[in-house]
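The chain contents come next:
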Amino acid sequence: PSRVFRILALHGYSQTAEKLSSWLDPLRIILKEEFGKDVQFITPTSPLKVPKQGMDKTITSWDKNLRFGKGTIWFDSKYHGQKQSLEFLSDFFEKEGPFDGILGFSQGGAMCAMISALQCARKWPHPFKFVLLFASYIPALHFSELFPSDKPLECVPTLHCLGDKETTFDPDALELLTLTAFSPKCTKIVRFPGSHRIPNDLPTLRIIAKWIDVQTGHEKLPHSKL
């Protein structure tokens with residue numbers, strides 16, 4: 001039987017794992033039909049609920065523009081819940097891993113950046129080989145706390161896909177943040193004619209699929225170096 005590659009995929013703020021999984025179906029199909037790669041996207045649901053208005057004094061105006069009480073989050077606007085979510089994902093790696101790579105959309109990508117920082121600092125005992133980010137921001141302060149270095153990460157190949165019609169964040173700022181946190185030597189930026197979502201146009205999906213094909217060229221699963 002052919003090797004099945006496994007990618008941990010983290011949903012965005014107030015999103016569901018089911019929604020993210022449906023967005024990833026076109027990419028999974030292209031990987032299979034055009035590259036002969038069987039890829040599973042494993043999509044856990046965050047343990048934290050979106051806070052209801054008036055229940056959390058840390059909620060800012062940024063949060064109030066979103067849907068309260070619906071879906072789940074990895075942390076709130078003050079990064080409360082970040083530690084709990086990292087512990088949850090470490091346990092998930094332990095029980096459901098290993099994973100060849102990790103993927104994050106929006107806030108899920110911020111979590112992937114934190115996990116990458118921990119791996120490069122040798123503080124994450126569940127290794128992976130590559131990172132995919134979609135419409136994601138890099139939490140600069142928390143990132144630097146996890147990986148205290150004046151140099152960007154070079155330990156993990158990274159692809160960040162950004163929509164030119166992105167309105168939730170400034171795509172140019174996201175690109176700059178990415179290339180500040182992750183070394184340009186091992187980072188690929190992909191821009192596509194879309195908004196705040198995972199792309200579904202064929203040319204962009206083929207670029208992403210080809211990059212994944214290269215990263216999964218070796219048949220062995222990652223093993224811990226700790």
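The structure under discussion appears in the preceding block.
The rules behind the values
Residues numbered from 1 in each chain as written. Predicted model: local features only at pLDDT ≥ 70, side-chain atom pairs only at ≥ 80, totals over all residues. Heavy atoms only, no water. Helix = DSSP H or I, 4+ residues; strand = E, 2+ residues; numbered from the N terminus. Contact = heavy atoms within 4.5 Å. Areas by Shrake-Rupley, 256 points an atom, 1.4 Å probe, with all protein chains shown as cover. Core = buried A, V, L, I, M, F, W, Y, C linked by side-chain atoms within 4.5 Å. Buried < 20%, exposed > 50% of the residue type's maximum accessible area, 1.4 Å probe, protein only. Salt bridge = Lys/Arg side-chain N within 4 Å of Asp/Glu carboxyl O. Disulfide = S-S within 2.5 Å. Axes fitted to C-alpha atoms, helices over the stretch in contact; angles between N-to-C directions. Parallel < 35°, antiparallel > 145°, perpendicular 65-115°, else oblique. Left-handed = near helix turned anticlockwise from the far one by under 90°. Nonpolar A, V, L, I, M, F, W, Y, C, P; charged D, E, K, R; others polar. Phe/Tyr/Trp six-rings, centres within 6.5 Å; stacked < 30°, edge-to-face > 60°. Lys NZ or Arg CZ within 6 Å of the ring centre and 35° of its normal.

Enquirer: Hey, could you run me through the overall build of the chain in this one?
Expert: Along the backbone of the chain there are 7 helices and 8 strands. Across the chain, contacts joining residues at least 24 apart in sequence account for 77% of those joining residues at least 6 apart. For the chain, the accessible surface area stands at approximately 10,900 Å², while carbon and sulfur atoms represent 54% of it.

Enquirer: How do you make sense of the nonpolar core when you look at a structure like this?
Expert: Proteins that are soluble and globular tend to have nonpolar side chains buried together. Among the nonpolar cores identified, the biggest contains 32 residues, and Leu 8, Ile 102, Met 111 and Phe 128 are the most heavily contacted of them. It is helix H4 (residues 107-120) that contributes the most residues to this core, 8 residues altogether. Sequence-distant contacts of Met 111, that is, excluding residues within four places in its chain, are made with Leu 10, Trp 74, Phe 75, Gln 82, Ser 85, Leu 86 and Leu 89. Residues Leu 20, Trp 23, Leu 159 and Ala 209 belong to the second largest nonpolar core, which totals 27 residues.

Enquirer: Looking at this model, I keep getting lost on the environment of Leu 153. Mind explaining?
Expert: In this fold, Leu 153 is placed in the loop between helix H5 (140-146) and strand S7 (158-163). Among the residues examined, Leu 153 registers a relative accessible area of 0% and is labelled buried. With 34 residues separating them along the chain, Leu 153 and Gln 119 place their C-alpha atoms 9.8 Å apart.

Enquirer: Please clarify how the pattern of salt bridges should be interpreted in this entry.
Expert: Working definition: two side chains of opposite charge can pair if their charged atoms are close together. Counted under the stated rule, the structure contains 9 salt bridges. Across the pair Arg 191 and Asp 172 runs a salt bridge whose closest N-O atoms are separated by 3.2 Å. Of this pair, Arg 191 sits in strand S8 (residues 187-192) while Asp 172 sits in helix H6 (residues 171-181), and the two are 19 residues apart along the sequence. One salt-bridge network, in which partners are shared between bridges, spans Asp 164, Asp 172, Glu 175 and Arg 191.

Enquirer: How should I be thinking about the state of the cysteines in this particular structure?
Expert: In protein structure, a disulfide is the covalent linkage between the sulfur atoms of two cysteines. This model, assessed by the stated rule, comprises 1 disulfide. Here Cys 120 engages in a disulfide with Cys 155; their sulfurs sit 1.6 Å apart. The sign of the S-S torsion, about -70 degrees, decides the handedness of the disulfide formed by Cys 120 and Cys 155: left-handed. Placement of Cys 120 in helix H4 and of Cys 155 in the loop between H5 and S7 is noted, with a sequence separation of 35 residues between them.

Enquirer: Honestly, the packing of helix H3 (residues 82-96) against H4 in this entry has me stumped. Any pointers?
Expert: In a packed pair of helices, the relevant descriptors are the angle between the two axes and the axis-to-axis distance. Look at H3 against H4: their axes get within 11 Å of each other, and the N-to-C directions meet at 70 degrees. Classified by the angle between their axes, H3 and H4 sit roughly perpendicular to one another. The handedness of the crossing between H3 and H4 comes out as right-handed. The segment H3 lies against H4, with Gln 82, Ser 85, Leu 86 and Leu 89 engaging Met 111, Met 114, Ile 115 and Leu 118. By residue class, the composition of the contact of H3 with H4 is 6 nonpolar, 2 polar and no charged.

Enquirer: Is there a simple way to think about the packing of helix H1 (residues 17-35) against helix H7 (residues 202-215) in this case?
Expert: At a closest axis distance of 9 Å, the pairing of H1 and H7 adopts a crossing angle of 65 degrees. In terms of orientation, H1 and H7 fall into the roughly perpendicular class. Considering how the two elements wind past one another, H1 and H7 form a crossing that is right-handed. Along the contact surface, H1 presents Pro 26, Leu 27, Ile 30, Leu 31, Glu 34 and Phe 35, while H7 presents Leu 202, Leu 205, Arg 206, Ile 208, Ala 209, Lys 210, Ile 212 and Asp 213.

Enquirer: Sorry if this is basic, but what is going on with the packing of aromatic side chains here?
Expert: Aromatic rings in a pair are described by how distant their centres are and how their planes are angled relative to each other. The final tally for this structure, using the stated rule, is 10 aromatic pairs. Taking the centre distance of 5.1 Å and the plane angle of 90 degrees together, the rings of Trp 23 and Phe 105 count as edge-to-face. Residue Trp 23 is found in helix H1, and its partner Phe 105 is found in strand S5 (residues 101-105); the two are separated by 82 residues along the sequence. A residue is classified by how much of its surface remains accessible, and Phe 105, at 5% relative accessible area, is buried. By the ring-pair criterion, three or more aromatic residues cluster together here, those being Trp 74, Phe 88, Phe 92, Phe 93, Phe 99, Trp 124 and Phe 128. Above the ring of Phe 5, the side-chain terminus of Lys 37 is found at 5.2 Å from the ring centroid. The ring of Trp 23 has Arg 197 lying over it, and the distance from NZ or CZ to the ring centre is 4.5 Å.

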